[in-house]
Amino acid sequence: MNDEEPPGTTELAEDRTDLAEDRTLLANERTFSGWARTAMASIGIGIGFNALFKPVEPTWVAKAIATIFILLGIFLTISAERRAASVQRRLDAHKVASISSINFRVMSVGISTGAVALLVAIWWLA
């Protein structure tokens, strides 16, 4: 039995590993977008809850429950960004164009800033 590898075996193994790494990067991006959608849904639930129960007395109860959902949305988007950026730093793109870590942060800051603006509007403007 011959212990030598057939020619090209190492290159094929490296190609498969590179493609697996690319798939993981793409899965990381999809996971981040899933968590960002969940965060937006949580923020939307908070806004909806506040709008639906605004006439209820005392008004601070509806505002407090809306605040919980909006804060949950902020937490979700920040934790998703940190996790996605961590994965992104560990892996290298080979044949795909991946999103840079700064783009995850920009999206997270944008969602969080909008959520904070909504909190201000709920508590002080309405």
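Report on the accompanying structure.

Per the counting criterion, the structure on display carries 1 salt bridge. A salt bridge links glutamate 81 to arginine 105, with the shortest nitrogen-to-oxygen separation between them at 3.2 Å. Residue glutamate 81 is found in helix α2 (residues 59–90), and its partner arginine 105 is found in helix α3 (residues 101–125); the two are separated by 24 residues along the sequence.

It is worth spelling out unusual backbone geometry at this point. Most peptide bonds adopt trans geometry, and most residues besides glycine take a negative phi value. Proline 58 follows glutamate 57 through a cis peptide bond whose omega is -5°. Looking at the secondary structure, you find proline 58 in the loop between α1 (9–52) and α2.

Glancing now at the packing of aromatic side chains. As enumerated under the stated definition, the model contains 2 aromatic pairs in all. Taking 4.6 Å as the distance between ring centres and 40° as the angle between the ring planes, the aromatic pair formed by phenylalanine 49 and phenylalanine 53 counts as tilted. According to the relative accessible area criterion, phenylalanine 49 is partly exposed, its value standing at 23%. Relative accessible area serves as the criterion here: at 33%, phenylalanine 53 is assigned to the partly exposed category.

Our next topic: α3. Spanning 25 residues, α3 covers 35 Å between terminal C-alpha atoms, matching the ideal 36 Å at 1.5 Å per step. Among the residues of α3, those classed as buried are Phe104, Ser108, Ile111, Ser112, Ala115, Leu119 and Ile122. The secondary structure elements touched by the buried residues of α3 are α1 and α2.

Attention now goes to the environment of serine 86. Structurally, the position occupied by serine 86 is in helix α2. For serine 86 and asparagine 28, which are 58 residues apart along the polypeptide, the C-alpha to C-alpha distance reads 10.0 Å.

Okay, the environment of alanine 36 next. Tracing the sequence through the fold places alanine 36 in helix α1. A residue is classified by how much of its surface remains accessible, and alanine 36, at 12% relative accessible area, is buried. Residues alanine 36 and asparagine 103 lie 67 residues apart in sequence; the distance between their C-alpha atoms is 13 Å.

About the criteria used
- Residues numbered from 1 in each chain as written.
- Predicted model: local features only at pLDDT ≥ 70, side-chain atom pairs only at ≥ 80, totals over all residues.
- Heavy atoms only, no water.
- Salt bridge = Lys/Arg side-chain N within 4 Å of Asp/Glu carboxyl O.
- Helix = DSSP H or I, 4+ residues; strand = E, 2+ residues; numbered from the N terminus.
- Phe/Tyr/Trp six-rings, centres within 6.5 Å; stacked < 30°, edge-to-face > 60°.
- Buried < 20%, exposed > 50% of the residue type's maximum accessible area, 1.4 Å probe, protein only.
- Expected span 1.5 Å × (residues − 1).
- Contact = heavy atoms within 4.5 Å.

These figures capture arrangement, not role.
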